[in-house]
Amino acid sequence: MLSCEQKEVLAKDISIKTLTRNLSTIKGTDIYTSFMMIEDDTSDTLRFKLTDKDWAILNESFDRNQIHLINNKTKIGEEVNSATMSQHIKIRTNKRLISVEYDYYFAREKALFDTIKTIKFKKFMRTVDSLVYFRSKETNSSNFK
């Protein structure tokens, strides 16, 4: 018997929250904040607009890297030598909200995260970051013409 179940695809809503970064594809902003000890904190906002072609590229990466296999309990992260704050990444699809806490583990804790899914997730996020960066350069340079 054939299934008519709809394929899981992105719903044009990705957000990243860290101590120094706040990205929202809905708002079209990527805000970087630096926390200084002896000077005032600084903030820089990049504005961008992802095109339908960009979302097609992201959906292809989402599919190729099997991000649909990640759930809210999947341990995603990487090994580090010093304490690092985790990243909170939310990806909305046509079926659900994938909420990933990207953690940083010490060497002795490496077995706590799924290495294969982490590698694939990093590839997908590299695609997101590249498109956001490219579109922000394009948007911000057109503001100066």
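In what follows, the structure referred to is the one given above.
Caption draft 1: Spotlight on the overall build of the chain. Helix and strand content of the chain: two helices and seven strands. Counting from the amino terminus, the chain carries its helices and strands in the arrangement β-β-β-β-α-β-β-β-α. Buried positions account for 33% of the 145 residues belonging to the chain. Sequence-distant contacts, at least 24 apart, represent 66% of the contacts inside the chain between residues at least 6 apart. Carbon and sulfur atoms provide 54% of the accessible area of the chain, an area that totals close to 9,700 Å².

Caption draft 2: Region of interest: the packing of aromatic side chains. For the structure on display, the rule yields four aromatic pairs. Aromatic side chains Tyr105 and Phe113 sit 5.2 Å apart centroid to centroid with 15° between the ring planes, which places their arrangement in the stacked category. Given the relative accessible area of 9%, Tyr105 is considered buried. Owing to a relative accessible area of 9%, Phe113 belongs among the buried residues under this scheme.

Caption draft 3: Just the nonpolar core, in detail. Core analysis: the biggest nonpolar cluster contains 25 residues, and Leu58, Ile67, Ile89, Ile91, Phe121 and Phe124 have the highest contact counts within it. Mapped by element, the contributors of at least two residues to this core are strand E1 (10-17), helix H1 (52-64), strand E5 (76-80), strand E6 (87-93), strand E7 (97-106) and helix H2 (115-142). Ranked by the residues each element gives to this core, the list is headed by H2, at six residues. If near-sequence neighbours (up to four positions away) are discounted, Ile67 is found in contact with Phe62, Ile91, Arg96, Ile98, Lys120, Phe121 and Phe124.

Caption draft 4: Layout of unusual backbone geometry. At Lys12, a residue that is not glycine, the phi angle is positive and equals roughly 60°. Within the secondary structure layout, Lys12 lies in strand E1. Even without a glycine there, the phi angle at Gln66 is positive, about 55°. The residue Gln66 is located in the loop between H1 and E5 in this model.

Caption draft 5: Spatial organisation of H1. Compared with an ideal rise of 1.5 Å per residue, which puts 13 residues at 18 Å, H1 spans 18 Å between its outermost C-alpha atoms and is within 8% of the ideal. What H1 keeps buried is the set Asp54, Trp55, Leu58, Ser61 and Phe62. Across the axial projection of H1, the buried residues extend over an arc of 120°, all falling on one side. For H1, the exposed residues set more than 90 degrees away from the buried face come down to Asp52 and Lys53. Directly beyond the C-terminal end of H1, a positive phi value near 55° is found at Gln66.

Caption draft 6: Layout of the pattern of salt bridges. As enumerated under the stated definition, the model contains ten salt bridges in all. Glu8 is the partner of Arg96 in a salt bridge, and the nearest nitrogen-oxygen pair spans 2.8 Å. With Arg96 in the loop between E6 and E7 and Glu8 in the segment before E1, the pair connects residues that are 88 residues apart, well separated along the chain. Judged by its relative accessible area of 14%, Glu8 falls in the buried class. A salt bridge links Arg64 to Glu60; its shortest N-O distance comes to 2.5 Å. Here the residue Arg64 and the residue Glu60 both occupy positions in helix H1, the gap between them amounting to four residues, near one helical turn. By relative accessible area, which is 48% here, Arg64 ends up partly exposed. Among the residues examined, Glu60 registers a relative accessible area of 43% and is labelled partly exposed.

Conventions we followed
Residues numbered from 1 in each chain as written. Predicted model: local features only at pLDDT ≥ 70, side-chain atom pairs only at ≥ 80, totals over all residues. Heavy atoms only, no water. Helix = DSSP H or I, 4+ residues; strand = E, 2+ residues; numbered from the N terminus. Buried < 20%, exposed > 50% of the residue type's maximum accessible area, 1.4 Å probe, protein only. Contact = heavy atoms within 4.5 Å. Areas by Shrake-Rupley, 256 points an atom, 1.4 Å probe, with all protein chains shown as cover. Phe/Tyr/Trp six-rings, centres within 6.5 Å; stacked < 30°, edge-to-face > 60°. Core = buried A, V, L, I, M, F, W, Y, C linked by side-chain atoms within 4.5 Å. Expected span 1.5 Å × (residues − 1). Arc of directions from axis to C-beta. Salt bridge = Lys/Arg side-chain N within 4 Å of Asp/Glu carboxyl O.

Keep in mind these values describe shape, not function.
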